[in-house]
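Next come the chains, spelled out residue by residue.
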Amino acid sequence: MSGISPFSFSNEPPLILVADDDKTIRLFLREFMEQEGYRVVEVTDGKQCLDAYKNIKPDLILLDAMMPVMDGFTCCKELIQITRNNLALALANFDNNSSLGNTLISKLWERTPILMIPGLDDPQSVDKAFEAGASDFVTKPIHWAVLRQRVRRLLQQAQLHKQLEAANQALQQLANVDGLTGVANRRRFDQYLNSQWLTIAQLGAPLSLILCDIDFFKLYNDKYGHPAGDVCLQRVGAVLSRIAQKNQDLVARYGGEEFAVIMPNNSAAAAVHIAATMQAGVRELEIAHDASKVSQFVTLSLGVATTIPTFECSPSDLILAADKALYQAKAEGRNRIILKQVLC
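Each chain has its residues counted from 1, following the order in which its sequence is written. Two thresholds apply to this predicted model, a pLDDT of at least 70 for residue-level local features and 80 or more for giving and counting side-chain atom pairs, whereas whole-chain, interface and lining totals are computed over all residues. As a rule here, side-chain values cover all heavy atoms of the structure and leave hydrogens and water aside.

Peer 1: What should I look at first to understand helix α2 (residues 46–56) in this one?
Peer 2: A turn of α-helix holds 3.6 residues, and therefore any two residues three or four places apart point the same way. Burial classes: relative accessible area under 20% of the type maximum marks a residue as buried, over 50% as exposed, and values in between as partly exposed (1.4 Å probe, protein chains only). Counting from the N terminus, the helices are the DSSP runs of H or I reaching at least four residues and the strands are the DSSP runs of E reaching at least two. Every buried residue of α2 is accounted for by G46, C49, L50, A52 and Y53. In the analysis that follows, any N or O atom pair within 3.5 Å is treated as a polar contact, provided that within protein one partner can donate a hydrogen and the other can accept it, and provided that, for residues neighboring in sequence, both atoms belong to side chains. One side-chain oxygen at the N-terminal end of α2 lies 3.0 Å from the backbone nitrogen of K47; it belongs to D45.

Peer 1: Where do I start with the packing of aromatic side chains in this structure?
Peer 2: Remark: the centre distance and the inter-plane angle together describe each pair of aromatic rings, the angle taken between the planes. Any pair of Phe, Tyr and Trp rings, taking the six-membered ring for Trp, is counted once the centres come within 6.5 Å. Such a pair is stacked with planes under 30 degrees apart, edge-to-face with planes over 60 apart, and tilted for the rest. Overall, the coordinates contain 5 aromatic pairs when judged by the stated rule. Note on F32 and W144: the rings are 5.0 Å apart at their centroids and 45 degrees apart in plane angle, and the pair reads as tilted. Here the residue F32 occupies a position in helix α1 (residues 23–35), and W144 occupies one in helix α6 (residues 144–176), the gap between them amounting to 112 residues. Overall, the relative accessible area of 29% leaves W144 in the partly exposed class. On the basis of an interplanar angle of 5 degrees and a centroid distance of 6.0 Å, the ring pair of F217 and Y220 is categorised as stacked. Pair noted here: F217 and Y220 are both in helix α8 (residues 217–224), with a separation of 3 residues, about one helical turn. An aromatic cluster of three or more residues is present, and its members are F217, Y220 and Y224. The criterion is that NZ of a Lys, or CZ of an Arg, lies within 6 Å of the ring centre and within 35 degrees of the ring normal, and then a charge sits over that ring. Lying over the aromatic face of Y53, K57 brings its terminal NZ or CZ to 4.8 Å of the ring centre. The positively charged end of R334 is found above the aromatic ring belonging to F216, 4.2 Å away from the centroid.

Peer 1: In this structure, what is going on with the side chain of R253? I would like to understand it.
Peer 2: Within the secondary structure, R253 sits in strand β7 (residues 250–255). Within the structure, R253 has its side chain in polar contact with the side chain of D178 (distance 3.4 Å).

Peer 1: Please clarify how the environment of L147 should be interpreted in this entry.
Peer 2: On the secondary structure map, L147 appears in helix α6. Residue classification places L147 among the buried positions, given a relative accessible area of 0%. The spatial distance from the C-alpha of L147 to the C-alpha of F137 is 8.6 Å, given a sequence separation of 10 residues. Contacts are assigned to residue pairs that have any heavy atoms within 4.5 Å of one another. With near-sequence residues (within four places) excluded, L147 lies in contact with L29, F32, M33, L62, L115, V138 and I142.

Peer 1: Can you help me understand the pattern of salt bridges in this one?
Peer 2: Pairs can form between side chains of opposite charge once their charged atoms are near each other. For this document, the term salt bridge refers to a Lys or Arg side-chain nitrogen within 4 Å of an Asp or Glu carboxyl oxygen. On inspection of all chains with the given rule, the structure shows 15 salt bridges. Note that E12 is salt-bridged to R39, the shortest N-O span being 3.7 Å. Here R39 lies in strand β2 (residues 39–43) and E12 lies in the segment before β1 (15–19), a separation of 27 residues in the sequence. For E12, a relative accessible area of 48% gives the class partly exposed. In this structure, E42 engages R30 in a salt bridge whose closest nitrogen and oxygen atoms are separated by 2.5 Å.

Peer 1: Would you mind showing me how to read empty space enclosed by the protein here?
Peer 2: In this approach the atoms are scanned with a rolling probe the size of a water molecule, which exposes any empty space left behind. Both site types are read off a 1 Å grid over the protein atoms alone. A 1.4 Å probe that fits but cannot get out defines a cavity, while an open set with protein on both sides within 12 Å along at least five of seven lines defines a pocket; lining residues have an atom within 4 Å of a point. Grid points are joined across faces, edges and corners, and a volume is the space filled by probe spheres set on the points. The final tally for this structure, using the stated rule, is 2 cavities of 30 Å³ or more. Its boundaries defined by the atoms lining it, the second largest cavity holds a volume of some 30 Å³. Along the walls of the second largest cavity sit Y53, L79, I80, T83, R111, T112 and I114, which together make up its complete lining. The greatest single-element share of the lining of the second largest cavity, amounting to 3 residues, is contributed by helix α3 (residues 72–92). Side-chain classes follow a simple rule in which Ala, Val, Leu, Ile, Met, Phe, Trp, Tyr, Cys and Pro form the nonpolar group, Asp, Glu, Lys and Arg form the charged group, and the remainder, Gly included, forms the polar group. Per-class residue counts for the lining of the second largest cavity are 4 nonpolar, 2 polar and 1 charged.

Peer 1: Even after reading the chapter, I still don't get the sheet that holds strand β5 (residues 136–137), so can you show me in this structure?
Peer 2: One key point about sheets: their strands pair by backbone hydrogen bonds, in either a parallel or an antiparallel sense. In this description, strands pair whenever DSSP reports at least two bridges between them. Spatially, the 5 strands line up as an open sheet ordered β2-β1-β3-β4-β5, and their pairing is parallel. Edge positions in the sheet fall to β2 and β5, since each of these pairs with one other strand and no more. Axes here mean lines fitted to C-alpha atoms, for a helix over just the part in contact, with angles spanning 0 to 180 degrees between N-to-C directions. Against the sheet, α2 touches β1, β2 and β3 (60–64), its axis set at about 165 degrees to β1.

Peer 1: What exactly am I supposed to notice about the packing of α8 against helix α9 (residues 226–243) here?
Peer 2: Packed helix pairs are specified by the crossing angle of their axes together with the interaxial distance, meaning the distance between the axes. Two elements in contact, α8 and α9, have axes whose closest approach is 7 Å; the angle formed by their N-to-C orientations is 135 degrees. The angle between α8 and α9 places the two elements in the oblique class. Contacts between α8 and α9 involve F217, Y220, N221 and Y224 on the former and, on the latter, H226, A228, G229, C232 and L233. For the contact of α8 with α9, the residue count by class is 6 nonpolar, 3 polar and no charged. Under this scheme an angle from 65 to 115 degrees is roughly perpendicular, one under 35 degrees roughly parallel, and one over 145 degrees roughly antiparallel; angles in between are oblique.

Here it is in structure tokens:
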């Protein structure tokens, strides 16, 4: 990590939120922080601090212990609770978006460091500060050299957390995304289908799956070469991703020239409509395929399967049905859609 410069994630200086009811102390803190190169926002009590935190997302909070309306200890506890609530929300939505866990990782690292400022002869306040969730403290009267070093240390720690977040997001991408097409990979497909099956089995809602295959793709590679085949896969994957419902549908590369689309809460009719739209979207690309036996352009065969999940069946039943539908579509001449419904 030694080669990474501090605060490299933003072009702006760190933003310090100062909460103190003493106007003179606020003035001294502002002047000192600005001399250190930081931006500063001032508030006069704990309630204003909470409001400002939600609006400006500071990089660090300097929080006086004793203030009117809401004291620093209560404010500190509330700030920590906001972070916990955000993390709980991210956990609840972990499998319901396309970020592949990035939102969750961000919430794990988003806590803003809090530096409390209790009185010099008040050791109980120091204990209360840490019990409330403070990251560190300085006492009054403020020793400015100590404040300087502690602010720097807390900001550097926060920056390290952001670097870890970025590294984890990159690892998430490597673990869950197909490197060629940019859609989800087979690992993510399996994970998401199992998760959605368990969720939807409790709701009694439908779950649909599309398996689609680029027609005569081996012949395409033989005629145009593998680099052209890679480009073809990328363009087809982009069309499927564009058409899929962004809030919950998952497009994945299932293997070779085969793609899969998981569609929670989609009926058989809705799934067939989406499949037809995807088939038309690929056809409209007009990717030349002179080796195809069904069209002068690249086309898709699609197998669609729909079921209402229960705990007596498993996701493999849905996959098998979609695979049989795809096989039938290819056996009947390709460039078509076949639907099969699974009764659990």
